[in-house]
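Per-entry structural report
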Amino acid sequence: MSRKTALLLLPGLAFLAAGFLVPAVAMLVAPPGEETAAVVTRLAEMITDPYELRIIGRTVTIGLIVTGLCVGLGFPIAYLLARSTSRWGGVLLALAIFPLLLSNVVRTFGWLVLLGANGAIGKLLTSTGLADESPQMLYTPLAIVLGLTQLFLPLAVISCYSAVAQIDPGLDDAARGLGAGRTRTFWTVVVPLALPGIVVAATLVFAGSVTAYTTPYLLGGSGQRMLATQLFTYASVSVDWAAASATALIMTILVFLVSAVSSLAGRKGATT
Amino acid sequence: MRGNGTRRPVAATLAVLGYIIMIVPILFVVATAFSAGRTLRFPPEGFSLQWFEAAVTYDPFMESLVSSLYLAIGATALALLLGVPATIAIHRGRIPGRGLLEGLFLSPLIVPELVVGLALYQQLMIGLGLDNLTTLLLGHTALLLPYAVRVTGASLALADPAVEEAARGLGASPVRAFLTVTLPLLRPGIFSAGLLGFVTSFNNVPLSLLLQDREFRTLPVTMLDYVQQSYNPRIAAMATLILAATVVIAVIAERTVGFAKIFGGINR
């Protein structure tokens, strides 16, 4: 490596090490005032503790449901937009991407207005006589699922859109010409060809959902803890470093695991 | 779209449902911000701008807004100053393990931000006694480095190195060749990375959450705390102001580089 190249790289690497790599590794090995093995010991306790297991289970379940919803709603949006010849297509695409620039706090906050005790949905249900009193919707798993789906749907749309846009519309026509119906063409031509994009979308959404903080904090409250809100409590309320680090480790492992599975799936998809 | 929708009723129904989930909650925030009442409810009671006044005269919001702006500008500038040279080295320098090096710069994207925040709090603030502004700046810069490296890298990959060599061959010094040939080629990438970086840092909650201090707090975290204490339309007004600013940024982005291009760079 030439000296010039090294000079270009080193400042960036130094910041990366100081602001990310070294603290992240150090946290797992040696939380302040704890023994070296404290994190691992605590991790072993956690994965046998029913309370902790419920939080892990809730986090994974909500993550899977949100992933399903985001792909199930995001793919149709991406598909219709990619195949659209209307001039509104561009506007609708921009509308789907725009929320990514908007603060998560602002986006999640809307659900408080919709689902809260004096919220719009409760009003609608009671005034139409569908319910006698406004049902509890805020601080339920449903609220978290809705909030996370809103948050990550744009991500699913972009990933699926770039995959569908690369498929030649002529292939759809060819399948139709050979006698396949619209539904069959969709499931046997479009979906298999867009599968790598769908896998990327699912991975991003799942990883985002199991690590999100704002949504479970605002919409789940203390009754519906997820790993992220639990981690915050350990770190700043009970100041239990070993527990916080162990929770962080569980979250990180979950994300790494799903990334590994999806990159394996992607490789397999490429060879078949 | 209309033609597509009527021929594909199932897909069209799902798509409409998706748009409702993405957009409707945001509209409700805006509607409640104009309320004349004292609590967050729907439909809002009357129309007034009083909560906007209440938001912009509320010190915790305004002080943390200034802090968030400083932090976002500082971290974005640092990430570009460090990331652009690194990208050039990765793409143009003849170095072994290029993929590994790029992966290293992208690694902050893989680890959950809340986990990084915990690590910085524990190791730098508690362990080394750094103040929270320095820690936030370090953390946000590391978080934005992937954006700088990936987005500018994408435009650098499109630029032909032969153009730069031609400039050198015609007698330009390396510095001059860089400033007059390479840098203009990178401009859209740098602009996109800067814009994405600024927005990412300004909106960040999970990384900043544990790194707060009474003196220096960020706006999104201040807003989260506010919701816990009081439940009135002031927060909706502040959210609406952020929405308006974000729309302006989005329009600038769309007019200059194009939305799809900006986000195309960060998604694999």
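Note that the structure is a prediction, hence the values are computed from the model and not measured. (Residues numbered from 1 in each chain as written. Chains lettered and ligands numbered in written order. Predicted model: local features only at pLDDT ≥ 70, side-chain atom pairs only at ≥ 80, totals over all residues. Heavy atoms only, no water.)

**Some words on the overall build of chain A**
Scanning chain A for helices and strands turns up twelve helices and zero strands. Considering only C-alpha atoms, chain A reaches an extent of 70 × 70 × 35 Å along its principal axes. Sequence separation of at least 24 residues holds for 73% of the intrachain contacts in chain A that already meet a minimum separation of 6. Total accessible area computed for chain A in this model is approximately 12,000 Å², and 67% of it derives from carbon and sulfur atoms. Taking the 15 positively charged and 11 negatively charged side chains of chain A as two groups, their mean positions are separated by 14 Å. (Helix = DSSP H or I, 4+ residues; strand = E, 2+ residues; numbered from the N terminus. Contact = heavy atoms within 4.5 Å. Areas by Shrake-Rupley, 256 points an atom, 1.4 Å probe, with all protein chains shown as cover. Lys, Arg positive; Asp, Glu negative; His and termini not counted. Charge placed at Lys NZ, Arg CZ, Asp CG, Glu CD.)

**Comments concerning helix H2 (residues 38-46) of chain A**
For an α-helix, the turn length of 3.6 residues means that residues three or four places apart are oriented alike. Of all the residues in H2 of chain A, the buried ones are Ala 38, Val 39, Leu 43 and Met 46 of chain A. The buried residues of H2 of chain A occupy one face: seen down the axis, they fall within an arc of 130°. (Buried < 20%, exposed > 50% of the residue type's maximum accessible area, 1.4 Å probe, protein only. Arc of directions from axis to C-beta.)

**A word on the interface of chain A and chain B**
One frequently used descriptor of interface size is the decrease in accessible area upon assembly of the parts. Contacts between the two partners involve 83 residues from chain A, matched on the other side by 79 residues from chain B. Both sides of the chain A and chain B interface together cover about 7,600 Å² of buried area, and 81% of this is carbon and sulfur. Where chain A meets chain B, there are zero salt bridges. On the surface where chain A and chain B come into contact, there are four residue pairs in polar contact (both at pLDDT 80 or more). Tallying contributions element by element places helix H1 (residues 3-29) of chain A first for the side of chain A that touches chain B, with 16 residues. When grouped by side-chain class, the residues that make up the side of chain A that touches chain B number 60 nonpolar, 19 polar and four charged. (Buried area = accessible area lost by both parts, 1.4 Å probe. Salt bridge = Lys/Arg side-chain N within 4 Å of Asp/Glu carboxyl O. Polar contact = N/O pair within 3.5 Å; in protein donor to acceptor, adjacent residues only side chain to side chain. Nonpolar A, V, L, I, M, F, W, Y, C, P; charged D, E, K, R; others polar.)

**Regarding the packing of helix H9 (residues 174-203) of chain B against helix H11 (residues 234-256) of chain B**
All names here are of chain B. One way to put it is that H9 packs onto H11 with a least axis distance of 11 Å and a crossing angle of 165°. Judged on the interaxial angle alone, H11 and H9 are roughly antiparallel. Relative to H11, H9 is oriented so that their crossing is left-handed. Where H9 abuts H11, its residues Phe 191, Leu 195, Phe 198 and Val 199 lie against Ile 249, Ile 252, Ala 253 and Thr 256. A class-by-class count of the residues in the contact of H9 with H11 yields seven nonpolar, one polar and no charged. (Axes fitted to C-alpha atoms, helices over the stretch in contact; angles between N-to-C directions. Parallel < 35°, antiparallel > 145°, perpendicular 65-115°, else oblique. Left-handed = near helix turned anticlockwise from the far one by under 90°.)

**What to know about the packing of aromatic side chains**
Under the criterion given, the structure shown has 13 aromatic pairs over all chains. Ring geometry for Tyr 213 of chain A and Tyr 217 of chain A: centres 5.3 Å apart, planes at 20°, overall stacked. The pair formed by Tyr 213 of chain A and Tyr 217 of chain A is uniform in burial state, with each residue classed as buried. Here a set of aromatic residues connected by ring pairs shows up, and it is made of Phe 75, Tyr 79, Phe 186 and Trp 187 of chain A. Seen from the ring of Tyr 58 of chain B, Arg 234 of chain B lies directly overhead, with NZ or CZ sitting 4.2 Å from the centre. (Phe/Tyr/Trp six-rings, centres within 6.5 Å; stacked < 30°, edge-to-face > 60°. Lys NZ or Arg CZ within 6 Å of the ring centre and 35° of its normal.)

**Here's the deal with the packing of helix H4 (residues 88-97) of chain A against helix H2 (residues 9-33) of chain B**
Viewed as axis vectors pointing N to C, H4 of chain A and H2 of chain B meet at an angle of 55°, and their least axial separation amounts to 10 Å. Judged on the interaxial angle alone, H2 of chain B and H4 of chain A are oblique. In this structure, the crossing between H4 of chain A and H2 of chain B has a hand that is left-handed. On H2 of chain B, the residues touching Leu 92, Leu 93, Leu 95 and Ala 96 of chain A of H4 of chain A are Tyr 19, Met 22 and Ile 23 of chain B.

**Structural notes on the side chain of Thr 87 of chain B**
Residues and elements named next belong to chain B. Checked against the element boundaries, Thr 87 lands in helix H4 (residues 59-92). Look at Thr 87 and you get buried, because its relative accessible area is 2%. Filtering out sequence-adjacent residues up to four positions away, Thr 87 remains in contact with Ala 148, Val 149, Thr 152, Gly 153 and Leu 156.

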